[in-house]
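# Fold and contact review
Listed below are the residues making up each chain.
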Amino acid sequence: QVQLVESGGGLVQAGGSLRLSCAASGSIFSINPMGWYRQAPGKQRELVAAISTGGSTNYADSVKGRFTISRDNAKNTVYLQMSSLKPEDTAVYYCNTANPNYKYVWGQGTQVTVSS
């Protein structure tokens, strides 16, 4: 069973940057496309960035040009570099597979709070 541990969140002013990390146990990590999701209070969880096993990336329009997803298969880790942060980016951020038909057990997530 793969376990996901997200870290790197915090409180930042609008316009600032944060780098999130997601460490996964288990070598099966490398065979799945991975994604970063976020859930704001009162809203559904949404996929904001995804990366294929080969490194191709896709982003939600709301974060395109500001967020960058990357992965290090040797370290079983996926990253999310966030810049030009906005108050509307405030949410709990999670990582998981980007495969709509297969998900690992969700981790605890990491809180990102952007103040105006």
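Located above this text is the structure these notes cover.
Not measured: the values here are computed from a predicted model.

What follows concerns the nonpolar core. Ranked by size, the top nonpolar core spans 26 residues in total, and within it Leu4, Trp36, Val78, Leu80, Met82 and Tyr93 carry the most contacts. Those elements giving two or more residues to this core turn out to be strand S3 (18-24), strand S4 (34-39), strand S5 (46-51), strand S7 (67-72), strand S8 (77-82), strand S9 (91-97) and strand S10 (110-115). Of the residues forming this core, the biggest block, four residues, is contributed by S3.

Moving on: the pattern of salt bridges. With the rule as written, the count across this model stands at four salt bridges. Between Lys64 and Asp61 there is a salt bridge, and its shortest N-O distance comes to 3.2 Å. For Asp89, the salt bridge identified is with Arg66, shortest N-O distance 2.7 Å. Taken together, the residues span a long stretch of sequence, with Asp89 in the loop between S8 and S9 and Arg66 in the loop between strand S6 (57-59) and S7 at a distance of 23 residues. There is no split in this pair, since Asp89 and Arg66 are both buried.

The full count for this structure, using the stated rule, is one disulfide. Residue pairing for Cys22: its cysteine sulfur links by disulfide to Cys95, the two sulfurs lying 1.7 Å apart. With Cys22 in strand S3 and Cys95 in strand S9, the pair connects residues that are 73 residues apart, well separated along the chain.

Pairing within the open sheet is mixed, and its six strands lie in the order S2-S10-S9-S4-S5-S6. Each edge of the sheet is formed by a strand with only one pairing partner; in this case those strands are strand S2 (10-13) and S6. Direction aside, the axes of adjacent strands within the sheet are offset by 25 degrees on average. Note: S4 against S5, five bridges, orientation antiparallel. The partner of Trp36 across the bridge, within S5, is Ala49.

Cut-offs and rules
Residues numbered from 1 in each chain as written. Predicted model: local features only at pLDDT ≥ 70, side-chain atom pairs only at ≥ 80, totals over all residues. Heavy atoms only, no water. Core = buried A, V, L, I, M, F, W, Y, C linked by side-chain atoms within 4.5 Å. Buried < 20%, exposed > 50% of the residue type's maximum accessible area, 1.4 Å probe, protein only. Helix = DSSP H or I, 4+ residues; strand = E, 2+ residues; numbered from the N terminus. Salt bridge = Lys/Arg side-chain N within 4 Å of Asp/Glu carboxyl O. Disulfide = S-S within 2.5 Å. Pairing = 2+ DSSP bridges. Axes fitted to C-alpha atoms, helices over the stretch in contact; angles between N-to-C directions.

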